[in-house]
Each structure stands twice: as C-alpha cells, then as structure tokens.
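# Observations on chain architecture
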Amino acid sequence: MAGRGRVSMQEHMAIDVSPGPIRPIRLISNYFPHFYPTAEPALRPPDPRPPETPVRSAPQPQPDPEPEGDSDDSTALGTLEFTLLLDADNSTLHCTAHRAKGLKPLASGSVDTFVKANLLPGASKASQLRTRTVRGSRGPVWEETLTYHGFTLQDARRKTLRLCVCEDPWLRRRRRAPPLGELRVPLRKLVPNRARSFDVCLERRRLTKRPKSLDAARGMSLYEQEVEAEAAWDERGRVLLSLCYSSQRGGLLVGVLRCAHLAPMDANGYSDPFVRLCLHPNAGKKSKYKTSVRKKTLNPEFNEEFFYAGPREELAQKTLLVSVWDYDLGTADDFIGGVQLSSRAGGERQQHWRECLGRSDRRLELWHPLDGTPLQLSD
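Residues numbered from 1 in each chain as written. Predicted model: local features only at pLDDT ≥ 70, side-chain atom pairs only at ≥ 80, totals over all residues. Heavy atoms only, no water.

Summing up its helical and strand segments, the protein has eight helices and 17 strands in all. For the protein, the residues scored as buried account for 45% of the 379 residues in total. Counting only contacts in the protein whose residues sit at least 6 apart along the sequence, the fraction spanning at least 24 positions is 66%. Total accessible area on the protein stands at roughly 21200 Å², and carbon and sulfur atoms take up 50% of it. (Helix = DSSP H or I, 4+ residues; strand = E, 2+ residues; numbered from the N terminus. Buried < 20%, exposed > 50% of the residue type's maximum accessible area, 1.4 Å probe, protein only. Contact = heavy atoms within 4.5 Å. Areas by Shrake-Rupley, 256 points an atom, 1.4 Å probe, with all protein chains shown as cover.)

Structure follows, in structure tokens:
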C-alpha cells in the first residue's frame, strides 16, 4: 500500500540511517552554564518530508574538516584535555594536562607547545606553573600534573584557573608570542576529593590594559586585569607550619615547611624569601631563629625545624611570631607578611596553638594566611 503518510515495512527497513553530523566537542560553558551564558545550538537533521509524515530520513554523513579553516575561533584553536582534583585533606589543587588536539599552527607550520596555569585573581608569577615543552606536534601529549600547595576550600570558592596553550619562545629565538588558545575554569564547582575530567575547546581572550596606578608599585605590574589586581593587592601569601610539643625533649618543635603565593617584592616579579621566628616574651638568644634564604621564588620550600625549651604551662602564656621577609643585599629586608600564634589569637591560629600544647608528641600541620601589617610586641 502506498498511501500518503504511510510507509510499508519494506520501505521502513530500507531507510539508510546515518549518525548525522558529528557534534562539536563541548565548550567550558557546557560544564558551567552560568559562567558563559550561551546556549548550545541544537543539531537536528533536516526533514525533507511533509510535517505530518512520522518517519524522517537522516541526512548523508559529512566529512569532518580540519579546524584551522573554521570561522569559529573556539573550534579553530583546537581542544585541551585535562583533569582537576581538589585534595581538601592536604590543601592542594592538582591539574593534570593530558593532551591537546587540532592546534592551529603558526606561519612556521609546526608548534613547540607547553601548558601554562595561573590562579586568578592573584599575582601572575606567584601562581604560575607550566608543563614541559613538546616539540613539533599539533597534538602534543604532556601527561603532566601541576600542583598548587596551600590551596584551601576558601580559595576554590573565589578563584578561577586559567590554562593557556603556549608556544615556547626560546626554541625559536624570538619574543614571547600570545597563547595559541586559553580557557578558564571556575573552581567553586569542583567537588572536594573527586577528580573531574574536561575536554574543552580553546578560546581567544582579550586582556584589558593594566591600571597605571599599579605600574609604579613594586612588583605590581604583573597583574593582567584591573579587577584581578585590586583583589590580589591584599594577598600576601601563606605559610605552612608544624607544631609539636616533645615530652622527651621538654619543649616545642616548630617546623617551617613551605610558603605559597607570596607577594612579589623585587623588580623581577619574584622575591628572595626567608622566615623569622620569635617567641615572646623573649627568653634570651634562643628565642629567635630564621631559615635559610630561597632565591627568586614565590613558593619556597624550607623544611626546617626549630626548638623552644620549656614546660607546656609556660609556653601556653607566650606568643609565637612568624614573619616572612624578602632578602635584599646591602639594604633593609622587605617585609612580606606575618602571622601570630598564641592562646589569645583568634580562629585557627589560637586552635593550632592550643591543640599543640594540649597534646604531647603529636605533630600538627596547618596553613596560615599572612597579614600585611608588621608584627610588633613590646618585651
């Protein structure tokens, strides 16, 4: 039977069913719709039959051309595969760069690429990490993990991770070129202790000019956007301290493990940091210590330990002053930030101090944000 609006079983089984056009790889807006409020276009095959016909014939498959000729920048720049993991137990953020696909080559025809990561807002060099360079490939594979230490749940609520695929300028002996593409991930959507994988199109972004009011400030010319610079102005960094009252030695062991995201104090955008310790009120020369200097870094690792003798009842009445400084040869050292631990301090600083002295032979580690005001106590 051949009636309008009806299809015989033989004709129905003979219809050539094809998958239709290949759907594009998801943009970052598909993972976080509220971050980029753009709707994904619906990809539906055309219907050549009248509207009342219940069976539609699918279009013929179309070849997938190279993305470099596409007019859409987000498609032409290629894609980046990576995984994010927020380790809340150890206060770390892990970003594993897996691979890129379909990178748009420059005039040379080949690319030598690496992935650069930054946390925004913040000083660019304080949070800048990068992978190794893979040479001569439009589909580089890195399989390298970049780790941010001292990254807390509070940081995840207000920070964004910026990932850029860049061409290595040193291999071509020329000035640094703009990124081949970039993307930004709002970290507030990450679930703690659960890895999340992404396969996202790279995009182009135009950076606003830096505010002139910050150009004259020391180390402040590294901020890329006015909003980011204002938010990063008050950030001095943080320090990871370990406290342990040793019953065998009869005193307090203070470990200075590392610092993270320190404010840049030198003209090159870095600092030469070291840490000073002072137990107040002073009890002689053994109340003051300082670590060694780490050159040209904003994320120094010290792993040095110092000892203060005394019973727990006496130490409970004292105050531990921890300050981070930038070493300058021939001139006064620059103060970066400090933290004060005592039974009269507030929040986690007081809790860390009391829990340490309340239990013997138990090492407690905690990250403390640095204050920008120098610590001053009279003897």
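What follows is about the sheet that holds strand β1 (residues 79-87). By definition, the strands of a sheet pair up through backbone hydrogen bonds, in either a parallel or an antiparallel sense. Across the sheet, four strands lie side by side as β6-β2-β1-β9; this open sheet has antiparallel pairing. The two strands at the open ends of the sheet, each matched to only one other strand, are β6 (141-149) and β9 (196-201). This sheet shows a mean twist of 20° between the axes of neighbouring strands, independent of strand direction. In this structure, β1 lies alongside strand β2 (residues 92-101), joined through nine bridges in antiparallel fashion. Note that in β2 the partner of Asp 87 across the bridge is Thr 92. (Pairing = 2+ DSSP bridges. Axes fitted to C-alpha atoms, helices over the stretch in contact; angles between N-to-C directions.)

Attention shifts here to the sheet that holds strand β17 (residues 364-369). Read across the open sheet, the four strands follow the order β14-β11-β10-β17; overall the sheet is antiparallel. Each edge of the open sheet is held by one strand with a lone partner, namely β14 (301-309) and β17. Geometrically, the sheet is characterised by an average inter-axis angle of 25° between neighbouring strands, direction not taken into account. Relative to β17, strand β10 (residues 238-246) runs antiparallel, the two being bridged by six bridges.

Moving on, we get to the environment of Leu 84. Residue placement: Leu 84 occurs in strand β1. A relative accessible area of 0% means that Leu 84 is categorised as buried. Separated by 77 residues in sequence, Leu 84 and Leu 161 have C-alpha atoms that sit 9.9 Å apart. If we ignore the near neighbours within four places in the chain, the residues touching Leu 84 are His 94, Cys 95, Leu 161, Val 185, Leu 187, Leu 190, Arg 194, Ala 195, Arg 196 and Phe 198.

What follows covers the nonpolar core. Among soluble globular proteins, nonpolar side chains are generally buried collectively. Among the nonpolar cores identified, the biggest contains 32 residues, and Leu 252, Val 275, Leu 277, Leu 320 and Trp 353 are the most heavily contacted of them. When near neighbours in sequence (up to four residues on either side) are disregarded, Val 275 contacts Val 256, Cys 259, Tyr 289, Lys 290, Thr 291, Phe 302, Val 322, Ser 323 and Val 324. Counting residues in each nonpolar core, the second largest holds 31 residues, with Leu 86, Leu 103, Phe 198 and Val 200 among its members. (Core = buried A, V, L, I, M, F, W, Y, C linked by side-chain atoms within 4.5 Å.)

Helix length check: helix α8 (residues 347-358), at 12 residues, gives a terminal C-alpha distance of 17 Å against a target of 16 Å (1.5 Å per residue), a fit within 8%. Listed as buried for α8 are Arg 349, His 352, Trp 353, Cys 356 and Leu 357. Projected onto a plane normal to the axis of α8, the buried residues spread over an arc of 115° and lie on a single side. The exposed set on the far side of α8, more than 90 degrees from its buried face, consists of Gly 347 and Gly 358. (Expected span 1.5 Å × (residues − 1). Arc of directions from axis to C-beta.)

Following Leu 120, the chain continues into Pro 121 via a peptide bond in cis, with omega recorded as -5°. Tracing the backbone through its elements, the reader meets Pro 121 in the loop between β3 (112-120) and β4 (129-130). For the bond from His 280 to Pro 281, the omega torsion is 0°, close enough to zero to count as cis. Residue position: Pro 281 is located in the loop between β12 (273-280) and β13 (288-290). Its identity is not glycine, yet Ser 91 carries a phi of approximately 55°, on the positive side. Topologically, Ser 91 is positioned in the loop between β1 and β2. Judged by relative accessible area, Ser 91 falls into the buried class, the value being 15%.

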